[in-house]
Amino acid sequence: MSNEQVSTSLRELLADIFEISPELVTPELSMGTMDSWDSFRHLQAILAIEGEYGVQFDPQRIPELTSVARLQAELVKMGVAL
Amino acid sequence: MQSDAERQELRLEIKDAVARQDAAGAVAGARRLLAASGKPADVQFCATALAGIADALRDQLGTRRLKTYVVRSVTVEPILPALAVEAVLANYLLDIEVGGYGSYADELLNSDSSLAKFKPELVLILLDMEEIAGRLPELCAGGGGAEVEREIEECVARMAQLLRSYRAGSTARILLQGLVIPDCTSLGDVGEANLPHSLTKAVQQLNLGLAALCGTIADCVFFDVDRLAARTGRARWRDARMFLASRLAVAAEWFGAYARGLVRTFSTMFRAPRKVLCTDLDNTLWGGVLGEDGPEGIATGSAFPGNCYLEYQKYLKQLSSRGILLAIVSKNNEDDVREAFNVRAADLALSMDSFVALKINWHEKAESIRELARELSLGLDSFVFVDDNAVECEAVRRQLPEVAVVEAPAAEPWRLVEILSEQPFFDAVVVTGDDVHRVDEYRAQAKRAELASSVGSRDEFLASLGIVCAFQSALDAPLARAVQLLAKTNQFNLTTRRRSAAEIEEFAAAEGGQAVVVRVRDRFGNAGVVGLALARRQGDSCVIDSLLLSCRVIGRGIESALLAHVGEEAARAGAKRLVGEFIATKKNAPCAEFYSDHGFTRFVPRGGNSSDSVFYELDLTSSAITSPKWITVEGNEK
C-alpha cells in the first residue's frame, strides 16, 4: 500500500481518536499540523492502534511516528495487513 | 473480537440516538458497544458521542455533573475517555482536570494550588508506589524488619497529613487509590510468601493502613486497585514497556475495568445503596418449578445442582445480615411455598422468616413490587429484582425503570452469585448499626400495622406506641449515619441538599448553628437515627438549611417534634425568627405543606427570590412549635 492514501480502517480509527471527520485523516496529517494531536493524544492513538491490530511498537520509535503516513508505513513494515 | 459489521451497526445506533438527542438510547448503545468491543477507538467514539449530548443526559436521565480533579504521579490522560464513559453509564458526567506529575503534595497542601482553585466536588488521588513508598522495595529486599515497619508508618503518616490538610480546606469527596502488589520482585515467589517483611506483605500492610486512614477522614474512600489487578492477573495488569516509556500504570487492555473500579468506588460517596432484594422462587431461589416438581422435587441442598441455589441463599442471608431487606416476589400458591419451606428446611439457608415481605400470588410482578414499595415506605429506586424469566425481567424493566433487574441464568445457576456481586447497587463504605437493625425494624413495622387496625382513633394508636424521641448532635449519630440520611432521603426531605460530612461539621461548629439528629424508639422496637436537621444563624434569624425524616416513620408526629426541637434550640440561642425553606422535587410532595402546617407564613426574601426555593417564617418571640403530646422527648437540654 502506498503512502498516497490512508487505509480505511486506520483512517476511521484515527478519526475516532482525534475526534475529527474521516475525510480529514490524510497522509500529511501530523502532530505539527493539528493542535489537538498533542503528546497525550499521540499516546492514545498509539494504544488504539496497538489494540486494534494486535501489535506492539518499539517505545523508541513511538515519538517518531508523528504523522499518519509514518504510522501507516510503520504498520506496513511490521507486516500488518491494513 | 466481534465482527466489524456488528461494531459498525452499534456505532450507527449510537449516532442516530445522539442525532435524536435520545440520551437513554445513546447510553444503551454505548453499553452494548463496549460489551461487544472495548477497544480504545470504540471507547473514544462513545466518549465523544456522549459528551455531545451532555444537556440531554442531564435533562432526560438526571445525570449528575461532577467537577473532578485528578491528583496523580502517573500518566492518566489516555484513560480519561474510558473514565468519562464508565461515569456516564453510572449516570455521572465528569468535568475533569488533571494535576501535574510531580506536584501532588503542593496541590493537596497549598490553599492556592490549581486543585484548590478548581474547587472540585470529587478528587481522585492516583499515586504510584514510587511516590508513596519509593524506598519500600529496597528495604524489603534487604530484610530490615524494623526499617520496613517504620517506612510503612511514615508513608501512612505522610498521606494522613496531605489528606487532613486538604480536608480542612475543602468539602470535596476524596478517593485515595492504594498500591498494586508488585508481581516481579527480587525475593521471588517463595521469598515473598515466607519472609516476614517481604514486599508483598509490606504493600498489603500499607494498603490496610491507607484504608484505615480513609475511614478516619470525612467523605474519603479507599480504592483497592490491587483487588482489581489480582482479578485480571497482576502480571498482566501493568505493561512494563508502557509504564517505563510513558508512566502508564495500567495496561490499555484494562482501562475499562480500571475506570469501572474508580466509578464504582467513588459512587458510594454520592448515592445510597439499594435496600430491598426481591427474589423469584422457581429456578432462582431453588431449582425446578415447585408447582410441577413438588417440595421434594425442587433442587436445593448440598448436592449439585441444589448447592448452586444454596450458595445464592447464603449470599442473600449475608445481605440480610447487613440490613438489606429480602422479599419474595413469585407466581405460586402461598400454601405450597410454606409447605416447601417446611419440608425442605434442612436444605435451605433461608426460612420464611428471613423475608420481610411476601408477594406470592398470580399478579403482575411489577404490581407486586409497587405494592411492596408502598408497604415498606420505600422508593422504587431502592429495589432490586432477581428472576430467571426473561419476560418477567423485561416487563419489570419497562414498567418500573427505577428498579434494578438481575436476570438469573437458569441454565447456569452457579453463575448467579457472581452476577449479583458484579452489581454495584449494594455497595456501602459504612454499615451503620441502623443498617443492621433495619430488618428487625421492618418486622416491627408490620406489628405496628396490626395494632393500628385494632385501635380506634389515630391519636389513641399513636399514644399506645409509646414513642420516644431522643435528640443528639449529628456528629454523634454517628456522622456517617447523618451523611447516609442526607444522601438517601427523598420523600420527606424539605430541600434535598446532599450535604457532606465536612459540611455537617461546619453547621455544628458555627455560632448559633445546629446539626441535630433524632433517634426514635417505641414499644415495638428501635428505629434508630431517622431524622436530621441542619440550621445556621443569619442575623437574628435561624435558617433551616435541611430537614428530613426517613419515610418509614412519617406520620407519627416525629417531624413535628424535630421542628419543635430546632425552634427551641434557636430561641435558646437568641434567634427571634425561624426560617424554613422548601424546594420541590419529583419525590418530596409529602412535605410540601410542612411549614404552613406548623404555623409558618410564606414570605419572599429581600432582593426577590431567584431560586426554586419557597421560604417560610415563624416569629419565635410570639409563637412556638409544640411537640405532639404522645411523644416523649429526651435530650432537649444542652
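What you are looking at is a predicted structure, and each value in this text was computed from that prediction instead of being measured.

Definitions and limits used
- Residues numbered from 1 in each chain as written.
- Chains lettered and ligands numbered in written order.
- Predicted model: local features only at pLDDT ≥ 70, side-chain atom pairs only at ≥ 80, totals over all residues.
- Helix = DSSP H or I, 4+ residues; strand = E, 2+ residues; numbered from the N terminus.
- Rg over C-alpha atoms; globule rule 2.2 N^0.38 Å.
- Buried ≥ 20, exposed ≤ 12 C-beta atoms within 10 Å, placed from the backbone.
- Contact = placed C-beta atoms within 7 Å.
- Nonpolar A, V, L, I, M, F, W, Y, C, P; charged D, E, K, R; others polar.
- Pairing = 2+ DSSP bridges.
- Axes fitted to C-alpha atoms, helices over the stretch in contact; angles between N-to-C directions.
- Domains from an automatic or database assignment.

### Topic: the overall build of chain A
Of regular secondary structure, chain A possesses three helices and zero strands. The order of α-helices and β-strands along chain A, N terminus first, is α-α-α. A compact globule built from 82 residues should have a C-alpha radius of gyration of about 12 Å, and chain A, at 11 Å, falls within 12% of that. If you line up chain A on its principal axes, its C-alpha atoms span 30 × 25 × 20 Å. Looking at chain A residue by residue over its 82 residues, the buried ones come to 32%.

### Focus on the overall build of chain B
Counting secondary structure elements, chain B contains 28 helices and 19 strands. For 638 residues, the compact-globule estimate of 2.2 N^0.38 gives 26 Å, and chain B sits close to it at 27 Å. Each of the three principal axes of chain B carries a C-alpha extent, and together these read 75 × 70 × 60 Å. Counting over 638 residues, chain B shows a buried share of 42%. If you take every contact in chain B between residues at least 6 apart in sequence, the share linking residues at least 24 apart comes to 71%.

### Notes on the interface of chain A and chain B
In this assembly, 15 residues from chain A lie in contact with twelve residues from chain B. Broken down by secondary-structure element, the contributors of at least two residues to the side of chain A that touches chain B are helix H1 (8-18) and helix H2 (39-53) of chain A. When the residues that make up the side of chain A that touches chain B are grouped by side-chain class, the tally is eight nonpolar, three polar and four charged.

### A closer look at the sheet that holds strand E3 (residues 122-126) of chain B
Residue and element names in this part refer to chain B. One open sheet accounts for five strands, arranged E2-E1-E3-E4-E5; its pairing is parallel. The sheet is open, and its two edges are formed by strand E2 (92-98) and strand E5 (220-223), each paired on a single side. When strand polarity is set aside, the average angle formed by the axes of neighbouring strands in this sheet is 25°. The pairing of strand E1 (residues 64-72) with E2 spans seven bridges and is parallel. Considered in E2, the bridge of Lys67 is made with Asp95. Contacts from helix H12 (residues 199-215) reach strand E4 (173-177) and E5, with the element oriented near 160° to E5.

### A word on the pairing of E4 of chain B
Each regular strand shows side chains that alternate between the opposite faces of the sheet. All names here are of chain B. Buried residues dominate E4, accounting for five of its five residues. Judged by which residues are buried, E4 turns out to be covered on both faces: Arg173, Leu175 and Gln177 on one side and Ile174 and Leu176 on the other are all buried. As defined by bridge partners, E3 adjoins E4 across four bridges and the pair is classed as parallel. Bridge assignment links Leu124 to a residue of E4, and that residue is Leu175. With four bridges connecting them, E4 and E5 associate as parallel partners. In the strand pairing of E5, Leu176 is matched with Phe222.

### Here's the deal with the domain arrangement of chain B
Split by domain assignment, chain B resolves into domain 1 (1-62), domain 2 (63-267), domain 3 (276-426) and domain 4 (447-634). Between domain 3 of chain B and domain 4 of chain B, the C-alpha centre-to-centre distance is 37 Å.

### Points about the sheet that holds strand E6 (residues 276-279) of chain B
Residues and elements named next belong to chain B. Spatial ordering of the open sheet is given by E8-E7-E6-E9-E10, a layout of five strands whose pairing is parallel. Each having just a single partner strand, strand E8 (357-361) and strand E10 (404-407) make up the two edges of the open sheet. When the angles between neighbouring strand axes are averaged without regard to direction, this sheet yields 20°. Note that E6 and strand E9 (residues 383-387) share four bridges and pair parallel. Residue Cys278 lies in a different strand from E9, and its bridge partner there is Phe385. Against the sheet, helix H21 (residues 390-399) engages E9 and E10, with an angle of about 170° to E10.

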